[in-house]
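Residues per chain are reported as follows:
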Amino acid sequence: MYERFWRLRGDKTTIIIPGWQSMSYLSDTSNICWFLEAEFAKEVVRLHKVVGNAVTEGRHIVVGTGSSQLILAALYALSSPDAHEPISVVSAAPYYSSYPSMADYQKSGLYKWAGDAESFDKEGPYIELVTSPNNPDGFRRRSMVNRSQGLLIHDLAYYWPQYTPISSPSDHDLTLFTVSKSTGHAGMRIGWALVKDKEVAKKMTKFIELNTIGVSKDSQLRAAKVLKAVSDSCEQENSKNEESFFKYSYKLMAQRWKQLREVVEAGELFTLPQFSPAFCTFFGQEMDPQPAFMWLKCEGDIEDCESFLRGHKVLTRSGKHFGASPKYVRISMLDTDETFIQLIDRLLAIQERE
Ligand code: PMP
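Nothing here was measured: the structure is a model prediction, and the numbers come from that model.

K.L.:
Whenever I open this one, the packing of helix H2 (residues 38–51) against helix H7 (residues 217–235) confuses me. Can you help?
P.N.:
For any two helices packed against each other, one specifies the inter-axial angle together with the distance between the axes. One can describe the packing of H2 onto H7 by two numbers: an axis separation of 8 Å at closest approach and a directional angle of 30°. Overall, the two elements H2 and H7 adopt an arrangement that is roughly parallel. In this structure, H2 crosses over H7, and the sense of that crossing is left-handed. Contact residues: Glu39, Phe40, Glu43, Val44, Arg46, Leu47 and Val50 in H2; Gln220, Ala223, Ala224, Leu227, Lys228, Val230, Ser231, Asp232, Cys234 and Glu235 in H7. Partitioned by chemical class, the residues of the contact of H2 with H7 number nine nonpolar, two polar and six charged.

K.L.:
Where do I start with a nonpolar patch on the surface in this structure?
P.N.:
A surface patch of nonpolar side chains, amounting to about 310 Å² of accessible area, comprises Tyr25, Leu26 and Ile213. With respect to the element layout, tyrosine 25 can be found in the loop between helix H1 (3–8) and H2. Using a relative accessible area of 58% as the deciding quantity, one classes tyrosine 25 as exposed.

K.L.:
Which parts of the structure should I look at to understand the UniProt feature "domain: Alliinase C-terminal" (unreviewed entry) in the protein chain?
P.N.:
Per the UniProt annotation, the sites labelled "domain: Alliinase C-terminal" (unreviewed entry) are residues 1–349. Annotated as residues 1–349, this span is 35% helix and 17% strand, and its ends, taken at the C-alpha atoms, are 24 Å apart.

K.L.:
Honestly, the site of the ligand in this entry has me stumped. Any pointers?
P.N.:
What surrounds the ligand is a group of 13 residues, the closest being Ser68, Asp155, Tyr158, Thr178 and Ser180. Threonine 178 is positioned with one of its side-chain polar atoms (N or O) 2.6 Å from an oxygen atom of the ligand. Serine 180 places a side-chain nitrogen or oxygen 2.6 Å from an oxygen atom of the ligand. For the ligand, the accessible surface in isolation is 400 Å², of which the surrounding protein chains cover 92%. Every element with two or more residues in the shell around the ligand is listed here: helix H3 (66–78) and helix H5 (179–182). Residue classes in the shell around the ligand are distributed as three nonpolar, seven polar and three charged.

K.L.:
Explanation requested: the state of the cysteines in the structure shown.
P.N.:
Working definition: the covalent bond between the sulfur atoms of two cysteines is a disulfide. Overall, the coordinates contain one disulfide when judged by the stated rule. Disulfide pairing is shown between cysteine 298 and cysteine 305; the S-S distance is 2.2 Å. Around the S-S axis, the bridge from cysteine 298 to cysteine 305 shows a dihedral of about 60° and counts as right-handed. Exposure class is identical for cysteine 298 and cysteine 305. Each is buried. Cysteine cysteine 234 remains unbridged, with the sulfur of cysteine 280 as its closest cysteine sulfur at 11 Å. Given the relative accessible area of 14%, cysteine 234 is considered buried.

K.L.:
I tried to follow the environment of leucine 296 on my own but got confused; where do I start?
P.N.:
When you line up the elements, leucine 296 lands in strand E11 (residues 293–298). For leucine 296, a relative accessible area of 0% puts it in the buried group. Between the C-alpha atom of leucine 296 and that of isoleucine 153, which follows or precedes it by 143 residues, the distance is 27 Å. Beyond its immediate chain neighbours, meaning those up to four positions away, leucine 296 contacts Val264, Phe270, Thr271, Leu272, Leu309, Lys327, Tyr328, Val329 and Ile331.

K.L.:
Any chance you could explain the environment of proline 136 here in plain terms?
P.N.:
You can see proline 136 is positioned in the loop between strand E4 (126–131) and strand E5 (150–155). C-alpha separation for the pair proline 136 and tyrosine 96, spaced 40 residues apart in sequence, amounts to 6.3 Å. Leave out the neighbours within four places in its chain, and proline 136 touches Pro94, Tyr95, Phe293, Trp295, Phe322 and Arg330.

K.L.:
Hey, could you run me through the packing of aromatic side chains in this one?
P.N.:
Working definition: an aromatic ring pair is given by the centre-to-centre distance plus the angle between the planes. Per the stated rule, a full pass over the model turns up 26 aromatic pairs. For the pair phenylalanine 5 and tryptophan 6, a centre-to-centre distance of 5.0 Å together with 85° between the ring planes defines the contact as edge-to-face. Assigned by exposure class, phenylalanine 5 and tryptophan 6 land together as buried. Judged by centre distance (5.0 Å) and plane angle (75°), the rings of phenylalanine 282 and phenylalanine 283 are edge-to-face. Take phenylalanine 282 and phenylalanine 283: they sit in the same class, and that class is buried. When the ring centre of tyrosine 76 is taken as origin, the NZ or CZ atom of lysine 203, which lies over that ring, is 5.5 Å away. A cation over an aromatic ring shows up here: arginine 330 above the ring of phenylalanine 293, its NZ or CZ 4.1 Å from the ring centre.

K.L.:
Quick question: what am I supposed to make of H3 here?
P.N.:
With 13 residues, H3 extends 19 Å between its outermost C-alpha atoms, agreeing within 8% with the 18 Å of an ideal straight helix rising 1.5 Å per residue. With ten of 13 residues buried, H3 lies mostly within the body of the structure. Every buried residue belonging to H3 is among Gly66, Ser67, Gln69, Leu70, Ile71, Ala73, Ala74, Leu75, Ala77 and Leu78, and all of these are buried.

K.L.:
Explanation requested: the environment of leucine 252 in the structure shown.
P.N.:
Considering the arrangement of structural elements, one finds leucine 252 in helix H9 (residues 245–265). On the accessibility criterion, leucine 252 (14% relative accessible area) is buried. Separated by 82 residues in sequence, leucine 252 and leucine 334 place their C-alpha atoms 9.7 Å apart. Ignoring anything within four residues of it in the chain, the contact list for leucine 252 reads Met1 and Tyr2.

About the cut-offs
- Residues numbered from 1 in each chain as written.
- Predicted model: local features only at pLDDT ≥ 70, side-chain atom pairs only at ≥ 80, totals over all residues.
- Heavy atoms only, no water.
- Axes fitted to C-alpha atoms, helices over the stretch in contact; angles between N-to-C directions.
- Helix = DSSP H or I, 4+ residues; strand = E, 2+ residues; numbered from the N terminus.
- Parallel < 35°, antiparallel > 145°, perpendicular 65-115°, else oblique.
- Left-handed = near helix turned anticlockwise from the far one by under 90°.
- Contact = heavy atoms within 4.5 Å.
- Nonpolar A, V, L, I, M, F, W, Y, C, P; charged D, E, K, R; others polar.
- Patch = residues over 30% accessible without salt bridge, like charges linked within 9 Å, V, L, I, M, F, W, Y side chains within 5 Å.
- Areas by Shrake-Rupley, 256 points an atom, 1.4 Å probe, with all protein chains shown as cover.
- Salt bridge = Lys/Arg side-chain N within 4 Å of Asp/Glu carboxyl O.
- Buried < 20%, exposed > 50% of the residue type's maximum accessible area, 1.4 Å probe, protein only.
- UniProt positions renumbered as here; feature names shortened; annotations may be inferred.
- Near = heavy atom within 4 Å.
- Polar contact = N/O pair within 3.5 Å; in protein donor to acceptor, adjacent residues only side chain to side chain.
- Disulfide = S-S within 2.5 Å.
- Phe/Tyr/Trp six-rings, centres within 6.5 Å; stacked < 30°, edge-to-face > 60°.
- Lys NZ or Arg CZ within 6 Å of the ring centre and 35° of its normal.
- Expected span 1.5 Å × (residues − 1).

Encoded structure:
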């Protein structure tokens, strides 16, 4: 979706890595995360400062092969090998559909998926995944289990100005971000965790050591260059009269959401969540949330929205994977222009036919 922006930037994000460079497993052995590239860490701190979406002071940065690896590292780090039973892992429905399988795929003795955080009432410690704004429905979230023994993982993959108004810098114990959604570079496989507790950061690092002995230096160096270009674009916006990455991506999302709402409102078949505007400290004005996914509901007597849409050549992910009703489906708003236009055309054709 953001390819055009990066094409227009030309060589600003090109890197050349000679064969003799970055050959070792190690980056900085004095750092808890000994495979973290200093240049990447510097650009992470700078970008959060420029955007104002996270406190980085007093945090250890742990880099991961995408935030996916960091979710697993965090589950490992927050659970205890001495516990007499696996710690429960919960998230409020509708939750990111990968969480249940990530928690249970290896049948770990350390942690276990325990479903919807809102109905969770088991005594004792638990891990809650808080996704804000949420995948799939786009709403802002806080922890839902109202108890003190919770260990929280804040998955803030979408806490960037093109998707949601930035209200204040996030300031949690363990927060995850990823380039996949911030800059669009999902294939780079780079995510980062901001971790308050030193022991948790150490355990996360250990998990990644056992899993992949670190994270590709090539990718970290490329990510550093891309994050630098984003921060530069924000800082130079006024002086060079160029559009910042976030202004560009916000406008693109706004255009897509406008088109989508128009086609959904043209008939009675579908509904979308309604969001209230809020003040965004990054843009300095009230902005509308415009999530990375549409959480579409089939109204009336269509019970299985996924099958209904598949019958009209639109492939979606059913609400049932997110702990919700099959009357809902999730569709990405971040595909290429071509695919998005086709999607809008097909939704319009369904509205006209039904
Ligand atoms: N968390 C959430 C909420 C996501 O939506 C995604 C990607 N769909 C991820 C984590 C994983 O992203 P990645 O591994 O590409 O960083």
